[in-house]
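# Architecture and fold: a report
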Amino acid sequence: MTDTNGEHAGRGASGVSGGAVWLRGELLDIASAPRPDRGPVVVREWTDSVRLRDPAPVGFRSLFLIGMGGDAHPSPSKFGEVLAAFAGAGWEVRRDASDQDGESRATARHEDFEVRVYEGSGSGLLTLTGWTPVVCPELRLGQPSFTLSTAPGALCGDCHGWGVCLDCEGRPYSRYERCWCAANNAGPGLCAECAGRGLRSSEAAPWMRPRQEPHDTDTEGAFPPVPVETGHDSTLRALTDVAQRACTCGEFRCSWRNSLSREGDRLLSRFGGTCQGCGVRRAYAFALPLP
Ligand SMILES: [Zn+2]
Ligand SMILES: [Zn+2]
Ligand SMILES: [Zn+2]
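Residues numbered from 1 in each chain as written. Chains lettered and ligands numbered in written order. Predicted model: local features only at pLDDT ≥ 70, side-chain atom pairs only at ≥ 80, totals over all residues. Heavy atoms only, no water.

Turning our eyes to something else, we now look at the coordination of the zinc ion (ligand 2). Protein coordination at the zinc ion (ligand 2) comes from Cys165 (SG), Cys168 (SG), Cys179 (SG) and Cys181 (SG), with a distance range of 2.2 to 2.3 Å. Given four donor atoms and angles of 105 to 116 degrees at the metal, the environment of the zinc ion (ligand 2) is assigned as tetrahedral. In the primary sequence, the donor residues of the zinc ion (ligand 2) line up as C-x2-C-x10-C-x1-C. In this pair, Cys165 sits in the loop between strand 6 (126-131) and helix 3 (209-212) while Cys181 sits in the loop between strand 6 and helix 3, placing the two residues 16 residues apart along the sequence. Residue classification places Cys181 among the buried residues on the basis of a relative accessible area of 0%. (Donors = N, O, S within 2.8 Å, 3.2 Å for Na, K, Ca; no water. Tetrahedral: all angles 85-135°; square planar, octahedral: opposite > 155°, others 65-115°. Helix = DSSP H or I, 4+ residues; strand = E, 2+ residues; numbered from the N terminus. Buried < 20%, exposed > 50% of the residue type's maximum accessible area, 1.4 Å probe, protein only.)

Printed below as a string of structure tokens:
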């Protein structure tokens, strides 16, 4: 593997990744283009650390969750405008063809930077989840397939998301003797446990099945019933609250979906997602004041 970090990925003298500073500013610029009633705001910023065989981290990536819109009344979609702003700033944009339940999704890429663009159903809540490349200050390594926040499921327990054999770090012929993984069914240099995917197999992680079996998408699309909370006047404020809450397993990382709908004499803003740590489905619901 070779170092593929882009020019923005170096660490500044302060120890803060230059790529993180650049990405944060870029996302706020792009999210400002459609001039929504609310936002953009940095809902949460955090880092994913990555490890090889030893528990001590060898590198990290910075992530940002930016929110905008999400008023307490149905708002026109800003999705197309935001995608146009990404394209105008030189990002490669790919819209997800499988929009459903009134939600919209897209991915934007620029060098090794990536952003998930999401718009919820009914509320006009639009979120950008952006991340920098993984920076390994001491080592020359390529990019792992996934880190904790970016995996569509649980990370492989053997390779921690790298997708490569960690005995040789993906270079099976670089030592005096070839690594055992050169004879691996998955292919030389790849992790045998996950066949190079970086994710646990669905047998080991049953919660991944709904993503792979179409007949389960209906249940994944539904927001499970949960006690209704009050105290927020907009979906964006509710998201800022939810993003600070942790799963019972202690993990806060979760890719949140949202739906706003009128039920009886109140507006209900529902959040749902799958915990990136243990895979359970998480959900919250907030009653918002009627406009
Ligand atoms: Zn693996
Ligand atoms: Zn190997
Ligand atoms: Zn959890």
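Here Thr132 lies in the loop between strand 6 and helix 3. The class for Thr132 is buried, based on a relative accessible area of 2%. Looking at Thr132, its side chain comes within polar contact range of the main-chain nitrogen of Ser62, at 3.0 Å. Other than its neighbours up to four places away in sequence, Thr132 contacts Gly19, Ala20, Leu23, Arg61, Ser62, Asp112 and Phe113. (Polar contact = N/O pair within 3.5 Å; in protein donor to acceptor, adjacent residues only side chain to side chain. Contact = heavy atoms within 4.5 Å.)

To continue, consider the environment of Arg237. Mapped onto the elements, Arg237 comes out in helix 5 (residues 235-242). Exposure remark for Arg237: the relative accessible area of 48% places this residue in the partly exposed category. Sequence-wise, Arg237 and Val41 are 196 residues apart; in three dimensions their C-alpha atoms are separated by 9.9 Å. Ignoring sequence-local partners within four residues, the contact set of Arg237 consists of Arg38 and His232.

The next subject is the confidence of the model for the chain. On average, residues of the chain score 84 in pLDDT, and 85% of them are at 70 or above. When pLDDT is averaged over each element of the chain, strand 6 comes out on top at 97 and helix 3 at the bottom at 43. (pLDDT = per-residue confidence, 0-100.)

With that settled, consider helix 1 (residues 18-32). A rise of 1.5 Å per residue sets the reference length of helix 1, with its 15 residues, at 21 Å; its end C-alpha atoms lie 22 Å apart and thus fit the reference within 8%. Of the residues making up helix 1, those classed as buried are Gly19, Ala20, Leu23, Glu26, Leu27, Ile30 and Ala31. The buried side chains of helix 1 occupy one side of the element, clustering within an arc of 130 degrees when seen end-on. Pointing more than 90 degrees away from the buried face of helix 1 are the exposed residues Val21 and Asp29. For helix 1, the secondary structure elements touched by its buried residues are strand 2 (57-68), helix 2 (79-88), strand 5 (113-119) and strand 6. (Expected span 1.5 Å × (residues − 1). Arc of directions from axis to C-beta.)

Side chains that differ in sign of charge can pair as their charged atoms come close. Inspection of the entire model under this criterion finds 12 salt bridges. In this structure, Asp167 and Arg53 form a salt bridge, with 3.2 Å as the shortest nitrogen-oxygen distance. Within this pair, whereas Asp167 is found in the loop between strand 6 and helix 3, its partner Arg53 is found in the loop between strand 1 (41-51) and strand 2, the two being separated by 114 residues in sequence. Residue class for Asp167 comes out partly exposed when judged on its relative accessible area of 34%. With a closest N to O distance of 3.3 Å, Glu114 and Arg109 form a salt bridge. In this structure Arg109 comes out as partly exposed when scored by relative accessible area, which is 30%. Beyond isolated ion pairs, a larger network of salt bridges with shared partners links Asp48, Glu251 and Arg253. (Salt bridge = Lys/Arg side-chain N within 4 Å of Asp/Glu carboxyl O.)

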